[in-house]
Amino acid sequence: MDLISKAPTGPIETRWDRHRFSLKLVNPANKRKHTILVVGSGLAGASAAASLAELGYQVQCFCFQDSPRRAHSIAAQGGINAAKNYHNDGDSIYRLFYDTVKGGDFRSRESNVYRLAQISVAIIDQCVAQGVPFAREYSGYLDNRSFGGAQVSRTFYARGQTGQQLLLGAYQALERQVGAGAVAMFPRTEMLDLIVIDGKARGIVARNLITGKIASHLGDAVVLGTGGYGNVYYLSTNAKGSNATAIWRAHKRGALFANPCFTQIHPTCIPVSGHYQSKLTLMSESLRNDGRVWVPLHKGDRRPPSKIPDDERDYYLERRYPSFGNLVPRDVASRNAKAVCDEGRGVGETSLAVYLDFRDAIARLGPHVIHERYGNLFDMYQRITGEDPYSVPMRIYPAIHYTMGGLWVDYNLMSNVPGLYVIGEANFSDHGANRLGASALMQGLADGYFVLPNTIGDYLAANPLEPVDRNNAAVRDAEAGVARFTRRLLEANGTRSVDSFHRELGQIMWDYCGMSRTAGSLERALSKIPELRDEYWRDVRVVGSGEELNQSLEKAGRVADFFELAELISTDALQRNESCGGHFREEYQTPDGEAARDDENYSYVAAWEFRGVGQMSELHKEPLVFDYVHPTYRSYK
């Protein structure tokens, strides 16, 4: 299979503009004849659905929540990057492009990343016009703060609730189109299969989560904006409902899955507190602007932090990376936190935590400034831990957060299945092996507001599509497959709960394919996952029926998909004999413990083709070419 990226060539500054001009157009009268299905209503999905409807397309938008306002995008705290250079500190579109390619450890397409940096400027203008209340300086200009992986201040923010405010802006745009009749909204509806007819994506099979009714929805193109797959690890910073079912079912219908092993560990998370904890809570990376990360200098020091003098503290990020200090990228910060805890210098009851200390910032700026910048984050931390971060350092530890892998897409955001588009975190396209902080919101809105509305017309204009008959064999086959899958879960009638299996799978993934991996650990994962998957289908107990609201059934289907995805993640990690970004193979590191890439053998996108449950997936490779940011040793020292 040839992977044709459609990435333009020539001067990188003009690639997107020239490519956009070359795309075929659909005239306004004909747009009304096309129906586009958008699955997901977070930042990517809501912005795409609103923009496509604004252009004149008929849009159907699906979400499993009761409202788009409950999408996981709302949990993003720290900010959104854009190269406006308001601080006049040397930022530019090219520098944002450079930082993103470097931060992703040279495992992303240059053309996609440069386009993202270009569009970032327009995103801020779009959101301000929607009324998003970004923080402002005294002068009235929008304020910026710093994030990991950059030496400039380019992150726009709304206190610690940036994702919520951006989502409300996209939600208002979406609801305007719902009110105008251009978008039909389907809440509490979960996609369970992709309908492919004559090789083209023409619809989805979905279950109404209230009534249990399974129905097909048909159109001319399908857009997946369903987020990432971090919950395969059970404990993550994702919402409990976040899942991989939409992209995984599309993968089983032929869509290639790219770079699944590139999962991100976020360094600033409230540590695990007990065995039966069901999720983890993120503390925004923005806190590393003013908070200093440290551990006791000596192993086994159990004194309260206030009793440990400065000369007996190890501010290890500042020591190891003097140029970037506490603002190193997430993968670097996470690995260093694990290293000091492995040395026996971790803090807290479990010794699996490090301190994030605001003592010096409060003394320098005053508590009122810290409250203004991070007040809601401090309040959240205090409610969860019972500790006041104004007087006691926060305790943090890395946790599963974002996933850089996802369905493979070309430059137009279309998968290898014609008519199937994938946007936001659901695709693999922009972040390589590690995402820089504050770039998730940027990509989701770039894809939804600016890229997809331009590129989807090229497909629709070039492919005259006949209406699909609901009695089409492919439609009936997809509906029957979903019904069989549902019956199989309900009829298992075992003894163990879905959550117990999910928790055990997550522990396997964290232990053997987590912050660091080895060939041996990955082989153990690949022996344990199929055994647990077989036990799942023999012994899972799903209560209730399929003709009602049944959250046990919902979770059961998602966890079944997680088993298959976990096997692919481990397979991908095992074949990539290098360390890069969030994929750290212990066998491949420099003498001082940094990731050691192998550009000669692994400078490619690994795109996997599904061959059947329990069968080895087939690997296809898209070579990565670097004309502008040449791969070098990634140093933040």
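Calculation rules
- The numbers attached to residues start from 1 for each chain and follow its sequence in the written order.
- Totals for whole chains, interfaces and linings use every residue, but because this is a predicted model, local features are given only for residues with pLDDT of at least 70 and side-chain atom pairs only at 80 or more, for both listing and counting.
- Hydrogens and waters are ignored; side-chain quantities use all the structure's heavy atoms.
- Definition used in this section: a nonpolar core is a set of buried Ala, Val, Leu, Ile, Met, Phe, Trp, Tyr and Cys residues joined via side-chain atoms within 4.5 Å.
- Residue burial is assigned from relative accessible area. The probe radius is 1.4 Å, only protein chains are included, and a residue is buried under 20% of its type maximum, exposed over 50%, and partly exposed in between.
- Segmentation of the chain into domains, including their bounds, is taken from an automatic or database domain assignment.
- Two residues form a contact once any of their heavy atoms are found within 4.5 Å.
- Accessible area, probed at 1.4 Å, shrinks when two parts are joined; the buried area is that loss added up over both.
- Within this document, salt bridges are pairs made up of a side-chain nitrogen of Lys or Arg and a carboxyl oxygen of Asp or Glu, the two lying within 4 Å of each other.
- Only runs of H or I of at least four residues qualify as helices and only runs of E of at least two qualify as strands under DSSP, and these elements are numbered from the N terminus.
- Each pair of aromatic rings taken from Phe, Tyr and Trp, with Trp reduced to its six-membered ring, is defined by centres within 6.5 Å and is described as stacked if the planes are under 30 degrees apart, edge-to-face if over 60, and tilted in the remaining cases.
- Placement of a positive charge over a ring is assigned whenever Lys NZ or Arg CZ falls within 6 Å of the ring centre and within 35 degrees of the normal to the ring plane.

**Student:** Can you break down the nonpolar core residue by residue, with the values?
**Tutor:** Core analysis: the largest hydrophobic core is formed by 166 residues, its most contacted members being Ile80, Leu224, Leu420, Ile456 and Tyr536. When residues of this core are assigned to domains, at least three map to each of domain 1 (266–400) and domain 2 (478–602). When neighbours within four sequence positions are excluded, Leu420 is seen to be in contact with Leu194, Ala201, Val222, Leu224, Ala250, Ala255, Leu413, Met414 and Ser415.

**Student:** Give a description of the domain arrangement of the chain that names residues and reports values.
**Tutor:** When its domains are assigned, the chain resolves into domain 1 (266–400) and domain 2 (478–602). On the domain 2 side, the residues contacting the 12 residues of domain 1 number 10 residues. Both sides of the domain 1 and domain 2 interface together cover about 900 Å² of buried area, and 56% of this is carbon and sulfur. Considering only the side of domain 1, the residues that lose the most area to domain 2 are Arg320, Arg335 and Lys338, jointly responsible for 49% of the buried surface there. On inspection of domain 1 and its partner domain 2, the count reaches one salt bridge.

**Student:** So, the environment of Ala206: which residues are in play, and what are the values?
**Tutor:** Locating Ala206 in the fold gives a position in strand β7 (residues 200–208). For the pair Ala206 and Ala246, spaced 40 residues apart in sequence, the C-alpha separation works out to 9.9 Å. The residues touching Ala206, leaving out its near neighbours within four places in the chain, are Thr189, Glu190, Met191, Leu192, Lys213, Ile214, Ala215 and His217.

**Student:** Tell me about the packing of aromatic side chains, and please be specific about residues and values.
**Tutor:** Scanning the model with the defined rule gives 25 aromatic pairs in all. Ring geometry for Phe358 versus Phe378: centroids 4.9 Å apart, planes at 65 degrees, classification edge-to-face. Of this pair, Phe358 sits in the loop between β14 (354–357) and α10 (359–365) while Phe378 sits in helix α11 (residues 367–385), and the two are 20 residues apart along the sequence. Residue classification places Phe378 among the buried residues on the basis of a relative accessible area of 0%. Taking the centre distance of 6.2 Å and the plane angle of 70 degrees together, the rings of Tyr449 and Phe450 count as edge-to-face. A relative accessible area of 8% means that Tyr449 is categorised as buried. On the accessibility criterion, Phe450 (22% relative accessible area) is partly exposed. Aromatic ring contacts, followed pair by pair, group Phe485, Phe501, Tyr536, Trp537 and Phe563 into a single cluster. Note that Arg292 overlies the ring of Tyr315, its terminal NZ or CZ placed 3.8 Å from the centroid.

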